[in-house]
Amino acid sequence: NLRHARVALEGPRLIGKIAGLLTRGIAIDQHDIMRGGLDEMDGSDVEAAAVLSEGDPRQQHRVYRSFKRVFDVVASGLGLILLSPLLLLVAVLIKLDSRGPVFFRQKRIGIDGGRFNIIKFRSMVEGAESATGPVFASENDPRATRIGRLLRRLNLDELPQLVNVLRGDMSLVG
């Protein structure tokens, strides 16, 4: 019986879930991870974040968790192998299109408060957030590279997250 939740908002997708908690009378404290709130969170925040992802994964049955982990390893491993030519092509295109690293890493929080770096293909110019700090990207964001616009439109910038799944930082959903 949750009465109070502390959440890290990352984008508009969570609004519906937060509204659901509010209608059940659960108080919400917001942490804005885009502006550094992630570092201020403690272990109690993880429980609330799990609530927003359709239940607390720590309460799932042990057999289900084991099956899910095996599925994540097999699916992400196969995905990385089968998609390796595409991943290599995207990496080369990023390097040819703009200066800077191929990958973008950002701190995230996982189960039990564990922190990890999410991996994505870089879709913005190098140092895009140095002047403004972290801000949400818009559809025609001037900081996006030519290849980056295409990667985002096709969601290819997300493919390196299969490495996070393989490591156990994240799980496949949907």
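These numbers were taken from a predicted model, which means no experiment stands behind them.

## Considering the side chain of Gln161
Part 1: Tracing the backbone shows Gln161 in helix 5 (residues 161-167).
Part 2: Aside from chain neighbours lying at most four places away, what touches Gln161 is Ile118, Ile119, Lys120 and Met170.

## Observations regarding unusual backbone geometry
Part 1: For Asn155, which is not glycine, the phi torsion reads 60° and is therefore positive.
Part 2: Examined against the element boundaries, Asn155 turns out to sit in the loop between helix 4 (146-153) and helix 5.

## Points about the confidence of the model for the protein
Part 1: Of the residues in the protein, 62% have a pLDDT of 70 or more, and the chain-wide mean is 76.
Part 2: Model confidence for the protein, summarised as mean pLDDT per element, is weakest for helix 2 (residues 43-51) at 43 and strongest for helix 5 at 96.
Part 3: Under a pLDDT of 50 for its full length, residues 31-55 has, in the predicted model, 54 contacts with residues more than four places off or in other chains.

## Quick word on the side chain of Arg108
Part 1: In this fold, Arg108 is placed in strand 3 (residues 103-109).
Part 2: Here Gln106 takes part through its side chain, which lies 2.7 Å from a polar atom of the side chain of Arg108.

## A short note on the packing of helix 3 (residues 62-97) against helix 4
Part 1: One way to put it is that helix 3 packs onto helix 4 with a least axis distance of 8 Å and a crossing angle of 145°. Between helix 3 and helix 4, the residues in contact are Val90, Leu93, Ile94 and Asp97 and Arg146, Ile147 and Leu151, respectively.
Part 2: Among the residues forming the contact of helix 3 with helix 4, the class breakdown is 5 nonpolar, no polar and 2 charged.

## Quick word on helix 3
Part 1: Compared with the 52 Å implied by 1.5 Å per residue over 36 residues, the 46 Å span of helix 3 between its first and last C-alpha is markedly short.
Part 2: A bend of about 60° at Ser84 is the largest found in helix 3, and the proline Pro85 appears one to four places after it.
Part 3: Buried residues of helix 3: Lys68, Asp72, Ser76, Gly77, Gly79, Leu80, Leu87, Val90, Ala91, Ile94 and Asp97, and no others.
Part 4: Considering only its buried residues, helix 3 is in contact with strand 4 (115-121), helix 4 and helix 5.

## Notes on the packing of aromatic side chains
Part 1: Summed over all chains, the structure comprises 1 aromatic pair.
Part 2: The interplanar angle of 15° and the centroid separation of 5.5 Å between the aromatic rings of Phe103 and Phe121 together place this pair among those described as stacked. Within this pair, whereas Phe103 is found in strand 3, its partner Phe121 is found in strand 4, the two being separated by 18 residues in sequence.
Part 3: Accessibility expressed as a relative area gives 33% for Phe103, which makes it partly exposed.

About the cut-offs
Residues numbered from 1 in each chain as written. Predicted model: local features only at pLDDT ≥ 70, side-chain atom pairs only at ≥ 80, totals over all residues. Heavy atoms only, no water. Helix = DSSP H or I, 4+ residues; strand = E, 2+ residues; numbered from the N terminus. Contact = heavy atoms within 4.5 Å. pLDDT = per-residue confidence, 0-100. Polar contact = N/O pair within 3.5 Å; in protein donor to acceptor, adjacent residues only side chain to side chain. Axes fitted to C-alpha atoms, helices over the stretch in contact; angles between N-to-C directions. Nonpolar A, V, L, I, M, F, W, Y, C, P; charged D, E, K, R; others polar. Expected span 1.5 Å × (residues − 1). Bend = angle between axes of the 7 residues up to and from the residue. Buried < 20%, exposed > 50% of the residue type's maximum accessible area, 1.4 Å probe, protein only. Phe/Tyr/Trp six-rings, centres within 6.5 Å; stacked < 30°, edge-to-face > 60°.

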